[in-house]
Amino acid sequence: MKKSVITNSNFIAALAFVGIQAVSISSAHAGWYTESSIFQSDVDDTSLTSDGRDVEAELDEEIGFSTAVGYKFKGHSLGAVRVDLEYLNTDNDNEEINFNGNIFNGSAVGGSLETEALFLNVIQEFNTGSPYIPYVGVGVGLVNVDSDLRYGPVANISDDDTVFGYNFVVGLDVKLSKKFTGFIEYRYLETNDVDLDRLGGGPGGLAVTSQSGDIQIDTIGVGLRYSF
């Protein structure tokens, strides 16, 4: 009986120690951090329109990346708040173009659509008392959309535009140590009123027209954060 009591006491003490360590790791101090991530980017079918000329581009899913520097504020009962400045890049190849109901694909299409974004993000972490910390965030900033979409004999949308954009993120942090945190993250990114010049045919023959629309991108990826 005495041996059983000692064994149980040791087991309880070990559990308490693990719990204290988990809370200690998850409750990171306030301070600066930097992070980087890689992700798979999926550009929703892009629709760019003008009078009599409707272009819908279907793009391949590709690998993108982001990097950020930020500051984590001292936590409260809900969890800590982070603010960071983030650079993000996606580049998706042209797979298919639907122009006024006419489909172009295979060797008839080429080029890609690249986005470069600079976002100011605010992220709310949710304290769980463990090394696993869910979070949500929102960011606003500028997005440069660089189009090199080509289809048919001469038609192309080779232009770029810098516009306002925003993004929402949902993720899960996994504390690896007091300095390093791994994370998995989903992001939705959208631009506002992209205007790109198109050269090609349509009503009235060959012309340069201004094609307008929004770009929506979904990403899911993994990253690593280092806290100073």
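Details of the structure are given in the entry above.
Residues numbered from 1 in each chain as written. Predicted model: local features only at pLDDT ≥ 70, side-chain atom pairs only at ≥ 80, totals over all residues. Heavy atoms only, no water.

Here we look at the overall build of the protein
Phase 1 of the analysis: Along the backbone of the protein there are one helix and 14 strands.
Phase 2 of the analysis: When each of the 228 residues of the protein is scored for burial, the buried share is 40%.
Phase 3 of the analysis: For the protein, restricting intrachain contacts to residue pairs at least 6 apart in sequence, the fraction spanning at least 24 positions comes to 69%.
Phase 4 of the analysis: Carbon and sulfur atoms provide 61% of the accessible area of the protein, an area that totals close to 11,700 Å². (Helix = DSSP H or I, 4+ residues; strand = E, 2+ residues; numbered from the N terminus. Buried < 20%, exposed > 50% of the residue type's maximum accessible area, 1.4 Å probe, protein only. Contact = heavy atoms within 4.5 Å. Areas by Shrake-Rupley, 256 points an atom, 1.4 Å probe, with all protein chains shown as cover.)

Things to note about the packing of aromatic side chains
Phase 1 of the analysis: Evaluation of the coordinates by the stated rule reveals eight aromatic pairs.
Phase 2 of the analysis: An angle of 75° between the planes, with centres 5.1 Å apart, marks the rings of Trp32 and Tyr71 as edge-to-face. Linking Trp32 in strand 1 (residues 31-43) with Tyr71 in strand 4 (residues 62-72), this pair joins segments that are 39 residues apart in sequence.
Phase 3 of the analysis: Owing to a relative accessible area of 27%, Tyr71 belongs among the partly exposed residues under this scheme.
Phase 4 of the analysis: With a centroid separation of 5.1 Å and an interplanar angle of 70°, the aromatic rings of Tyr71 and Phe73 are classed as edge-to-face.
Phase 5 of the analysis: An aromatic cluster is present here, built from Trp32, Tyr71 and Phe73 joined pairwise through their rings. (Phe/Tyr/Trp six-rings, centres within 6.5 Å; stacked < 30°, edge-to-face > 60°.)

A few points about the side chain of Ser41
Phase 1 of the analysis: Within the fold, Ser41 resides in strand 1.
Phase 2 of the analysis: On the basis of relative accessibility, which here comes to 0%, the residue Ser41 falls in the buried class.
Phase 3 of the analysis: Those residues in contact with Ser41 that sit more than four places away from it in its chain are Asp60, Glu61, Glu62, Thr90, Asn92, Ile217, Asp218 and Thr219.

Things to note about unusual backbone geometry
Phase 1 of the analysis: Within the chain, Asn100 stands out as a residue other than glycine whose phi angle is a positive 50°.
Phase 2 of the analysis: With respect to the element layout, Asn100 can be found in the loop between strand 5 (81-99) and strand 6 (102-105).
Phase 3 of the analysis: Of note in this structure, Asp193 is not a glycine but carries a positive phi near 55°.
Phase 4 of the analysis: Along the chain, the position of Asp193 falls in the loop between strand 11 (180-191) and strand 12 (194-200).

Overview of the nonpolar core
Phase 1 of the analysis: Judged by nonpolar contacts, the single largest core of 25 residues is most densely connected at Ile97, Leu113, Tyr151 and Ile215.
Phase 2 of the analysis: Put simply, the parts of the chain that give this core at least two residues each are strand 1, strand 3 (53-59), strand 5, strand 8 (112-125), strand 9 (132-151), strand 10 (156-175) and strand 12.
Phase 3 of the analysis: The element best represented in this core is strand 9, accounting for four residues.
Phase 4 of the analysis: Setting aside residues no more than four positions away along its own chain, Ile215 makes contact with Val43, Thr46, Leu113, Val145, Leu189, Glu190, Thr191 and Val194. (Core = buried A, V, L, I, M, F, W, Y, C linked by side-chain atoms within 4.5 Å.)

Re the pairing of strand 12
Phase 1 of the analysis: With burial as the criterion, only one face of strand 12 is covered, namely that bearing Val194, Leu196, Arg198 and Gly200; the residues Asp195, Asp197 and Leu199 on the opposite face remain uncovered.
Phase 2 of the analysis: For strand 12 and strand 13 (residues 207-213), the ladder comprises seven bridges, and the chain directions are antiparallel. Along strand 13, the bridge assignment pairs Asp195 with Ser212. (Pairing = 2+ DSSP bridges.)

Things to note about the environment of Ile123
Phase 1 of the analysis: Within the fold, Ile123 resides in strand 8.
Phase 2 of the analysis: In this structure Ile123 comes out as buried when scored by relative accessible area, which is 5%.
Phase 3 of the analysis: Each C-alpha atom of the pair Ile123 and Val170 lies 9.2 Å from the other, and the pair is 47 residues apart in sequence.
Phase 4 of the analysis: Look past the residues within four positions of Ile123 in its chain and what remains in contact with it is Ala80, Val81, Arg82, Asp84, Tyr135, Val136 and Gly137.

Description of the environment of Asn121
Phase 1 of the analysis: Among the structural elements, Asn121 can be located in strand 8.
Phase 2 of the analysis: With relative accessibility at 6%, the residue Asn121 sits in the buried group.
Phase 3 of the analysis: Setting aside chain neighbours within four positions, we find Asn121 in contact with Arg82, Val83, Asp84, Glu86, Val138, Gly139 and Asn167.
Phase 4 of the analysis: Side-chain polar atoms of Asn121 contact the side chain of Asn167, separated by 3.2 Å. (Polar contact = N/O pair within 3.5 Å; in protein donor to acceptor, adjacent residues only side chain to side chain.)

Re the pattern of salt bridges
Phase 1 of the analysis: Considering all chains together, one arrives at nine salt bridges under this definition.
Phase 2 of the analysis: In this structure, Lys72 engages Glu125 in a salt bridge whose closest nitrogen and oxygen atoms are separated by 3.1 Å. Remark: Glu125 occurs in strand 8 and Lys72 occurs in strand 4; sequence separation between them is 53 residues. The exposure classification of Lys72 matches that of Glu125, with both residues buried. (Salt bridge = Lys/Arg side-chain N within 4 Å of Asp/Glu carboxyl O.)

In short, geometric facts, not functional conclusions.
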